[in-house]
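# Structural overview
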Amino acid sequence: AETAESVTAARLDARIPEAQADDEFQRLIALINGMLDRLERSFRQATRFSADAAHELKTPLAVLQAQVERALRRAPDGSETQRECAEQLEELQRLRSILRKLLLLSQADAGQLPLSLEPVDLAARVRAAGDDIALLAPGRKVEVAGPDALCVRADGDLLGQIIDNLISNALKFSPHGKQVVLTVSNAGAPIPPADQARVFERFFRASSVRGSEVEGAGLGLSLAREMARAHGGDLLLVRSDARGTAFALSLPL
């Protein structure tokens, strides 16, 4: 029972000790440990595959993007060729973003998410994110409430991605003109109850937005939570009801 409770994605090497076990339990212990061996190998292979695949695809995508950017610069202004190149470039950038997220997720699965910890003013980062909304969504009313300074030990780049993901999600699912605040909440339609337990699953998109024009690959929240946990914190869905949807990011002071 203690061994089973200790098995997690970050600790797959736990095994039931065989020493001094009663004879009638020896075969059962061997079977369970054999099962854990197979699961660990499969998990490690899957983790390596996703990391290797993401890594191997980075170079050809970078080459393709460079070629499309060159073609875009050469295309006559306002031409059909220019429009097509711009669309292709947008899709390539989206693919590279998905690859970056997959690589970070595979590193998180392996317990190897690289962190460069330093003191970071979380309050300043949040205020900067609020300022960015004015550029991303002109006309949205934004209110940022918090202390003048709030220092945490974090990787500045990864923390920025967590905040950006929460802000972009709030913008995507909030009707025009509604407030967006951090803990991050928005006043959009609630996530269906059956989907709420799955919002952090990779590639999952709520049934209410599948097939809609809302962009996203369903990786952002999963990646943001892994980054938060790598910092010793967490990311939780606080509520999603008639009042709106709210996510809470916690970080150790």
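Residues numbered from 1 in each chain as written. Predicted model: local features only at pLDDT ≥ 70, side-chain atom pairs only at ≥ 80, totals over all residues. Heavy atoms only, no water.

### Details of the overall build of the protein chain
A tally of helices and strands in the protein chain yields seven helices and five strands. Counted from the first residue to the last, the protein chain has its helices and strands arranged as α-α-α-β-α-β-α-β-α-α-β-β. The buried share of the protein chain, reckoned over its 253 residues, is 34%. Pairs at least 24 residues apart make up 61% of the contacts formed inside the protein chain by residues separated by at least 6 positions. Within the structure as shown, the protein chain displays about 15400 Å² of accessible surface, and the carbon and sulfur contribution to it stands at 54%. (Helix = DSSP H or I, 4+ residues; strand = E, 2+ residues; numbered from the N terminus. Buried < 20%, exposed > 50% of the residue type's maximum accessible area, 1.4 Å probe, protein only. Contact = heavy atoms within 4.5 Å. Areas by Shrake-Rupley, 256 points an atom, 1.4 Å probe, with all protein chains shown as cover.)

### Topic: the nonpolar core
Counting 22 residues, the largest nonpolar core has Leu166, Val199, Phe200, Leu221, Met227, Leu235 and Phe247 as its most contacted members. Sorting the residues of this core by element identifies helix 3 (80-109), helix 5 (156-172), helix 7 (220-230) and strand 4 (234-241) as the ones contributing at least two each. If you tally residues by element for this core, the top one is helix 7, at five residues. Among all residues touching Leu235, those that are not within four sequence positions of it are Leu166, Phe200, Leu221, Ala224, Arg225, Ala228, Phe247, Ala248 and Leu249. Of all hydrophobic cores here, the second largest spans 13 residues; its members include Ala129, Ile133, Val152 and Ala154. (Core = buried A, V, L, I, M, F, W, Y, C linked by side-chain atoms within 4.5 Å.)

### With respect to helix 5
The end-to-end C-alpha distance of helix 5 is 24 Å, a good match for the 24 Å that 17 residues give at a rise of 1.5 Å each. For helix 5, a buried count of twelve out of 17 residues is recorded, marking the element as mostly surrounded by other parts of the structure. Among the residues of helix 5, Gly156, Leu158, Leu159, Gly160, Ile162, Ile163, Asn165, Leu166, Ile167, Asn169, Ala170 and Leu171 are the ones counted as buried. For helix 5, the N-terminal capping position is held by Asp155, with its side-chain oxygen 3.0 Å away from the main-chain nitrogen of Asp157. (Expected span 1.5 Å × (residues − 1). Polar contact = N/O pair within 3.5 Å; in protein donor to acceptor, adjacent residues only side chain to side chain.)

### Re the sheet that holds strand 4
The three strands lie next to each other as 3-5-4, forming an open sheet whose pairing is antiparallel. At either end of the open sheet lies a strand with only one pairing partner, and these are strand 3 (185-186) and strand 4. In terms of strand pairing, strand 3 meets strand 5 (residues 244-250) through two bridges, oriented antiparallel. For Ser185, the partnering residue across the bridge sits in strand 5 and is Ala246. Taken strand by strand, helix 5 contacts strand 3, strand 4 and strand 5, and its axis lies near 175° from that of strand 5. Strand contacts of helix 7: strand 4 and strand 5, with the helix running at about 135° to strand 4, the strand carrying the most contacts. (Pairing = 2+ DSSP bridges. Axes fitted to C-alpha atoms, helices over the stretch in contact; angles between N-to-C directions.)

### Re the packing of helix 4 (residues 122-136) against helix 5
It is the contact of helix 4 with helix 5, at a shortest axis distance of 10 Å, that shows an interaxial angle of 45°. As summarised for this structure, helix 4 and helix 5 are arranged oblique, according to the angle between their axes. In this structure, helix 4 meets helix 5 at a crossing whose hand is right-handed. Each of Leu122, Arg125, Val126, Ala129, Ile133 and Leu136 in helix 4 lies in contact with helix 5, whose residues at this interface are Gly156, Leu159, Gly160, Ile163, Ile167 and Leu171. Of the residues in the contact of helix 4 with helix 5, the class split is nine nonpolar, two polar and one charged. (Parallel < 35°, antiparallel > 145°, perpendicular 65-115°, else oblique. Left-handed = near helix turned anticlockwise from the far one by under 90°. Nonpolar A, V, L, I, M, F, W, Y, C, P; charged D, E, K, R; others polar.)

### So, the pattern of salt bridges
Per the stated rule, a full pass over the model turns up eight salt bridges. Here Arg83 ties to Glu80 by a salt bridge, and the two come within 2.2 Å at their closest N and O atoms. One end of the pair, Arg83, and the other, Glu80, are both in helix 3, three residues apart, so they sit about a helical turn from each other. The exposure class assigned to Glu80 is partly exposed, which follows from its relative accessible area of 44%. Look at the salt bridges and you will find they share partners, linking Arg15, Asp37 and Glu40 into a network. (Salt bridge = Lys/Arg side-chain N within 4 Å of Asp/Glu carboxyl O.)

### Points about the side chain of Asp234
Relative to the assigned elements, Asp234 resides in strand 4. With near-sequence residues (within four places) excluded, Asp234 lies in contact with Arg225, Ala228, Arg229, Ala248, Leu249 and Ser250.

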